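Chain and residue survey
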Amino acid sequence: AVVSTQSTGAPYDFRYGANSPTGELFLQNLQQLIEETYTANNGRKVNVIAHSMGNLYMIQFFKQMSSSWKKKYIKRYICISGVFGGSVKSIRALVSGEIESIPRVLVDANAVRAFQRSFQSIYWLLPRSGLWGKDETLVYTPDRNYTVNEYAELLEDAGFSMGRDILNTLKGSTDFKEPDVDVYCIHGSEIPTAAQFRWRPKYFPDYQPDQIDGPGDGTVNQRSLELCKKFKRLKGYKVYPGIKQGEHMQILLNPDVIDYVKSVVTETTAPSLGNSETVF
């Protein structure tokens, strides 16, 4: 961790999910870090800010902490670009390797796929059932199609039967639970984001698929980002449309986002909800 008197960083190993031994140790250390930060600041409650998959960690963290602990130590939780319900993009990583826009002549997608398949976290990021319908096709191949309930079959047909075992390690860590703290939610929108993949004949699984886009922040699908609106103690909600303002990573550099987070933490702005949810 990176510790100072008033700000503390808590990086995690992105290869693992929260219920792995590595993830569980991180959550234990996170509790200790929050308590130490609280004490170092004379009993002032702590603002927690998380980005992307860090929000999945925070949901699991809040789930295991008691209401009395959260009431004592947590001032508010600010979630940025939360992948609360998973991301369709993770499917391509497990089937054919995720190489983004890097030319195939520079990077062997199959080599990348080999180590991506070993990351428990990528399975943790798969789209959640319930948020995606049981009859909603996510993957098209020449031989069959696959839905949110058929990841094990998809991986087996892609030549990776061990994927079923890794999927089984996620039990108890994919639920969407109320954090029971005040929440401020920030995310992007109106950016083409992978919604389905279609493999051409002889392309599955070793070659990159055609991508069918839907709404999102370029990485996380809109329906996943918007799950934060279900939190009962949602106090502020801001949406930043477009690549320059709200792209999954670029949003962290957006001066308006930085100013908004500062104003929330210092309590110099009123909560933003309802009709003022989108920032242009």
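We now turn to the structure provided with this report.

Here is what the cut-offs are and how they apply
- Residues numbered from 1 in each chain as written.
- Predicted model: local features only at pLDDT ≥ 70, side-chain atom pairs only at ≥ 80, totals over all residues.
- Heavy atoms only, no water.
- Pairing = 2+ DSSP bridges.
- Helix = DSSP H or I, 4+ residues; strand = E, 2+ residues; numbered from the N terminus.
- 1 Å grid on protein atoms, 1.4 Å probe; cavity = no way out; pocket = protein on both sides within 12 Å on 5 of 7 lines; lining within 4 Å.
- Points joined across faces, edges and corners; volume = space filled by probe spheres on them.
- Nonpolar A, V, L, I, M, F, W, Y, C, P; charged D, E, K, R; others polar.
- Phe/Tyr/Trp six-rings, centres within 6.5 Å; stacked < 30°, edge-to-face > 60°.
- Buried < 20%, exposed > 50% of the residue type's maximum accessible area, 1.4 Å probe, protein only.
- Patch = residues over 30% accessible without salt bridge, like charges linked within 9 Å, V, L, I, M, F, W, Y side chains within 5 Å.
- Areas by Shrake-Rupley, 256 points an atom, 1.4 Å probe, with all protein chains shown as cover.
- Salt bridge = Lys/Arg side-chain N within 4 Å of Asp/Glu carboxyl O.
- Polar contact = N/O pair within 3.5 Å; in protein donor to acceptor, adjacent residues only side chain to side chain.
- Contact = heavy atoms within 4.5 Å.
- Expected span 1.5 Å × (residues − 1).
- Arc of directions from axis to C-beta.

Looking now at the sheet that holds strand β8 (residues 193–198). Across a sheet, paired strands are connected by hydrogen bonds in the backbone, their directions being either parallel or antiparallel. One open sheet accounts for four strands, arranged β6-β5-β8-β9; its pairing is mixed. Of all strands in the sheet, those with a lone pairing partner are β6 (145–146) and β9 (210–214), marking the two edges. Pairing between strand β5 (residues 139–140) and β6: two bridges, direction antiparallel. For Y140, the partnering residue across the bridge sits in β6 and is N145.

Further remarks concern the layout of surface pockets. The calculated volume of the largest pocket comes to roughly 950 Å³. Contributing to the lining of the largest pocket are 29 residues, with T8, V46, N47, V48 and I49 lying nearest its centre. If you list the elements that add at least two residues to the lining of the largest pocket, you get β2 (8–9), α1 (21–40), β3 (46–51), α2 (54–64) and β4 (74–80). Looking at the lining of the largest pocket residue by residue, the class counts come to 14 nonpolar, 10 polar and five charged. Taken as a whole, the second largest pocket holds about 670 Å³ of empty space. Of all elements in the fold, only α4 (89–95), α5 (109–116) and α6 (120–124) reach the threshold of two or more residues within the lining of the second largest pocket.

Let us look at the packing of aromatic side chains. Within this structure, the stated rule accounts for 17 aromatic pairs. Centre to centre, the rings of F84 and F176 are 5.8 Å apart; their planes meet at 75°, and the pair counts as edge-to-face. With F84 in the loop between β4 and α4 and F176 in the loop between α8 (163–168) and β7 (183–189), the pair connects residues that are 92 residues apart, well separated along the chain. In this structure F176 comes out as partly exposed when scored by relative accessible area, which is 28%.

Attention now moves to a nonpolar patch on the surface. Nonpolar side chains collect at one region of the surface, where M249, L252 and L253 lie side by side and expose about 300 Å² of accessible area between them. Summarising the element assignment, M249 is placed in the loop between α10 (243–246) and α11 (255–265). Taking relative accessible area as the criterion, M249 reaches 48% and is therefore assigned partly exposed.

Here we come to the side chain of R113. Residue position: R113 is located in helix α5. Within the structure, the side chain of R113 is placed 3.0 Å from the side chain of D206, a separation counted as a polar contact. When residues no more than four places from it in sequence are discounted, the contact partners of R113 are A93, L94, V95, S96, G97, P205 and D206.

The next subject is α1. Taking 1.5 Å of rise per residue, the 20 residues of α1 would be expected to cover 28 Å, and the 28 Å separating its terminal C-alpha atoms lies within 8% of that figure. When α1 is considered as a whole, its buried residues turn out to be G23, F26, L27, L30, L33, I34, T37 and Y38. Viewed end-on, α1 has its buried residues packed into an arc of 130°, placing them on one side of the element. In α1, the exposed positions that point more than 90 degrees away from the buried face belong to P21, Q28 and T39. Following α1 by one or two positions, N42 adopts a phi angle in the positive range, close to 60°.

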